[in-house]
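Okay, here's what each chain looks like letter by letter:
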Amino acid sequence: MKKLLIIFISTFFAFACFAEQPSDTTKTKRELCKSFIGANIGTGSSIGKYRVSWDLNLDLDVAFPVNEKSALGVYASYRSWTTFIPGIFWTREKSNNGHANLWGIGFIMNFAHSRHYKDFDVNYNFSGGLEFKGGHSFPSGLYFLVGIGTSMWLADYNSPYYYYDANREIMNVYNTDIYMCHTSLNIHASIGYRFNNNKRKQL
């Protein structure tokens, strides 16, 4: 009986010595940057050889975290009822104090529309281009964006030509169509608010 007790105690201590000991190191949670949901409003101009206009733009910006400092998403811009710009939106936090740099690249979609001037009409056909924009977000939730882009236009200039027929004593009107393809430079600036100014998430 005594020998069995000695064997039992020896076996217990042997298993206790070789058992896995708890690690002293603890796994730290990895923090992700904040997601970005914001809207902005601004104005700008489209400047070209045959076209100058002032635009009002409304934008929606959304990005979701991909690592500790960057978030990736999309943005959509609607300008003066004739232009729509979908694009990729990217944010990068500078530090934990709420500041972040903002970037975007989008495709300019100009819808077909017409404009009437004093002596002629212009029919603008569907066209496209590229836009690049950048800005900054502040801890208060306010942010600003500045965009610059270029787009290609195919325009039909319709100008009336008046001809007096002396034999019939009437005035005839003929329309002359001139097709032109030209580019315009688009510059816009806007200010917005970031709705989800929340804390960082942990992974």
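Here, the structure is the one placed above.
Residues numbered from 1 in each chain as written. Predicted model: local features only at pLDDT ≥ 70, side-chain atom pairs only at ≥ 80, totals over all residues. Heavy atoms only, no water.

1. Things to note about the overall build of the protein
Secondary structure assignment for the protein yields 1 helix and 12 strands. Starting at the N terminus and walking to the C terminus, you meet the elements of the protein as α-β-β-β-β-β-β-β-β-β-β-β-β. Taking as baseline every contact in the protein between residues at least 6 positions apart, the subset at least 24 positions apart corresponds to 57%. (Helix = DSSP H or I, 4+ residues; strand = E, 2+ residues; numbered from the N terminus. Contact = heavy atoms within 4.5 Å.)

2. Notes on the environment of Trp103
In this fold, Trp103 is placed in strand 6 (residues 100-110). Taking the relative accessible area as the measure of exposure, Trp103 reaches 36% and is therefore partly exposed. A sequence separation of 31 residues divides Trp103 from Leu72, and the C-alpha atoms of the two residues are 9.9 Å apart. Once residues lying within four places of it in the same chain are set aside, the contact partners of Trp103 are Ile88, Phe89, Trp90, Arg92, Lys133 and Gly134. (Buried < 20%, exposed > 50% of the residue type's maximum accessible area, 1.4 Å probe, protein only.)

3. A look at the pairing of strand 5 (residues 83-93)
In the sheet, strand 4 (residues 70-79) pairs with strand 5 via 10 bridges, with the strands oriented antiparallel. Residue pairing in the sheet places Tyr78 in a bridge with Phe84 of strand 5. Taking the residues that link successive antiparallel strands as the turn, the strand 4-strand 5 hairpin has 3 residues, and the phi of Ser80 there is positive, at about 50 degrees. Where strand 5 and strand 6 come together, 9 bridges link them in antiparallel fashion. Considered in strand 6, the bridge of Phe89 is made with Gly104. Between strand 5 and the antiparallel strand that follows it, strand 6, lie 6 residues; Gly98 among them carries a positive phi value of about 100 degrees. (Pairing = 2+ DSSP bridges.)

4. Describing the packing of aromatic side chains
Taken as a whole, this structure holds 5 aromatic pairs when the rule is applied. Taking the ring centre of Tyr75 as reference, the NZ or CZ of Lys133 above it sits at 3.6 Å. (Phe/Tyr/Trp six-rings, centres within 6.5 Å; stacked < 30°, edge-to-face > 60°. Lys NZ or Arg CZ within 6 Å of the ring centre and 35° of its normal.)

5. Side note on the side chain of Ser77
With respect to the helices and strands, the residue Ser77 is situated in strand 4. Within the local environment of Ser77, its side chain forms a polar contact with the side chain of Asp59, the two groups lying 2.7 Å apart. Among the polar contacts listed, one links the side chain of Ser77 to the side chain of Arg79, at a separation of 3.2 Å. Excluding residues within four positions of it along the chain, Ser77 makes contact with Asn57, Leu58, Asp59, Thr83, Phe84 and Ile85. (Polar contact = N/O pair within 3.5 Å; in protein donor to acceptor, adjacent residues only side chain to side chain.)

6. What about the nonpolar core?
Residues Cys33, Phe36, Ala63, Ala71, Tyr75, Ile85, Phe89, Leu102, Ile108, Tyr143 and Leu145 constitute the largest nonpolar core, which totals 11 residues. Looking at this core, the elements that each hand over two or more residues are strand 4, strand 5, strand 6 and strand 10 (142-165). The residues contacting Cys33, other than those within four sequence positions of it, are Pro65, Asn67, Glu68, Lys69, Ser70, Ala71 and Glu93. (Core = buried A, V, L, I, M, F, W, Y, C linked by side-chain atoms within 4.5 Å.)

7. Looking at the pattern of salt bridges
Counted under the stated rule, the structure contains 3 salt bridges. Close ionic contact of Asp59 with Lys133 constitutes a salt bridge, the shortest N to O distance being 3.5 Å. Of this pair, Asp59 sits in strand 3 (residues 52-65) while Lys133 sits in strand 9 (residues 127-137), and the two are 74 residues apart along the sequence. Overall, Asp59 belongs to the buried group, its relative accessible area being 7%. (Salt bridge = Lys/Arg side-chain N within 4 Å of Asp/Glu carboxyl O.)

8. With respect to the side chain of Asn40
For Asn40, the location among the structural elements is in strand 2 (residues 36-48). By relative accessible area, Asn40 is classed as buried at 6%. Within polar-contact distance, the side chain of Asn40 engages the side chain of Asp61 at 2.8 Å. Within the structure, Asn40 has its side chain in polar contact with the side chain of Ser190 (distance 2.9 Å).

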